[in-house]
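If you want the building blocks of each chain, they are given just below.
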Amino acid sequence: MELRFQAGGAEAWSADALVLFLAEGEKPDQAASELVESVAWLTIAPGARDFYGKKGEVTVIYGPPAHPLSRVILVGLGNLSGLTRGETLDRIREASGLAAVRCRELGLRTAARSEE
């Protein structure tokens, strides 16, 4: 699997999946407003309503197949309040591993990550 860091706005991105990390209780439009402008289907996707951002939670949300980013993998970071910087980075590292496992399970070749 190839992990890409792509410059420019999300409308120019292309990947088998986009990985978006969310804290507990956070919604995609709160975490990545610029991304949601380009992937508007994410805010109305039924599966996104059942994602709570709990630590270790992973959900794949599917959008229109013709869209360059038609699959978003939401990964929960849990409650981040009160954590040190190091603890927060550990959560992100653990969540990155979960995202990589899910990408491998799905047989994806490329994944992008939101930078917001």
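For the structure itself, consult the block above.
Read on for an overview of the structure.

Rules and cut-offs
- Residues numbered from 1 in each chain as written.
- Predicted model: local features only at pLDDT ≥ 70, side-chain atom pairs only at ≥ 80, totals over all residues.
- Heavy atoms only, no water.
- Helix = DSSP H or I, 4+ residues; strand = E, 2+ residues; numbered from the N terminus.
- Buried < 20%, exposed > 50% of the residue type's maximum accessible area, 1.4 Å probe, protein only.
- Lys, Arg positive; Asp, Glu negative; His and termini not counted.
- Salt bridge = Lys/Arg side-chain N within 4 Å of Asp/Glu carboxyl O.
- Contact = heavy atoms within 4.5 Å.
- Expected span 1.5 Å × (residues − 1).
- Arc of directions from axis to C-beta.
- Core = buried A, V, L, I, M, F, W, Y, C linked by side-chain atoms within 4.5 Å.
- Pairing = 2+ DSSP bridges.

### Considerations on the side chain of Glu 57
Structurally, Glu 57 is set in the loop between helix 2 (33–38) and strand 3 (58–62). Here Glu 57 sits buried without a salt bridge, and the closest side chain of opposite charge, Lys 54, lies 6.7 Å off (N-O distance). Contact partners of Glu 57, with chain neighbours within four places excluded, come to Asp 50, Phe 51, Tyr 52, Leu 74, Val 75 and Gly 76.

### Concerning helix 3 (residues 85–106)
It helps to recall that an α-helix has 3.6 residues per turn; residues three or four apart then point in one direction. In a regular helix each residue adds 1.5 Å, so 22 residues correspond to 32 Å; helix 3 covers 32 Å between its end C-alpha atoms and thus fits that length. Residues of helix 3 that are buried: Arg 91, Ala 95, Ala 99 and Cys 103. The arc that holds every buried residue of helix 3, seen down its axis, measures 115 degrees, which confines them to one face. Exposed side chains of helix 3 directed beyond 90 degrees from the buried face belong to Arg 93, Arg 104 and Glu 105.

### Focus: the nonpolar core
In terms of nonpolar packing, the biggest core is built from 18 residues, with Leu 20, Val 39, Trp 41, Leu 42, Ile 61, Val 72 and Leu 74 touching the most fellow members. If you list the elements that add at least two residues to this core, you get strand 2 (17–23) and strand 4 (71–78). Aside from chain neighbours lying at most four places away, what touches Leu 42 is Leu 20, Pro 28, Ala 48, Ile 61 and Val 72. Within the second largest apolar cluster, 13 residues are counted, among which are Ala 17, Ala 95, Cys 103 and Leu 108.

### Observations concerning the pairing of strand 3
Most of strand 3 sits out of view: four of its five residues are buried. As defined by bridge partners, strand 3 adjoins strand 4 across five bridges and the pair is classed as antiparallel. When the sheet's bridge partners are listed, Ile 61 is paired in strand 4 with Val 72.

### Remarks on the pairing of strand 2
For strand 2, a buried count of seven out of seven residues is recorded, marking the element as mostly surrounded by other parts of the structure. Neither face of strand 2 is exposed, since Ala 17, Val 19, Phe 21 and Ala 23 on one face and Leu 18, Leu 20 and Leu 22 on the opposite face are all buried. Across three bridges, the pairing between strand 2 and strand 5 (residues 110–113) is parallel. The residue of strand 5 that forms the bridge with Ala 17 is Ala 111. Both strand 2 and strand 4 contribute to a ladder of six bridges, which runs parallel. The residue bridging Leu 20 from the neighbouring strand is Leu 74, located in strand 4.

### Comments concerning the pattern of salt bridges
Tallying each qualifying case throughout the model produces four salt bridges. In this structure, Glu 24 engages Lys 54 in a salt bridge whose closest nitrogen and oxygen atoms are separated by 3.9 Å. One end of the pair, Glu 24, is in the loop between strand 2 and helix 1 (28–31); the other, Lys 54, is in the loop between helix 2 and strand 3, with 30 residues separating them in the sequence. With a relative accessible area of 44%, Lys 54 lands in the partly exposed category. Across the pair Arg 93 and Asp 90 runs a salt bridge whose closest N-O atoms are separated by 3.9 Å. Of this pair, Arg 93 and Asp 90 are both found in helix 3, three residues apart, which corresponds to roughly one turn of the helix.

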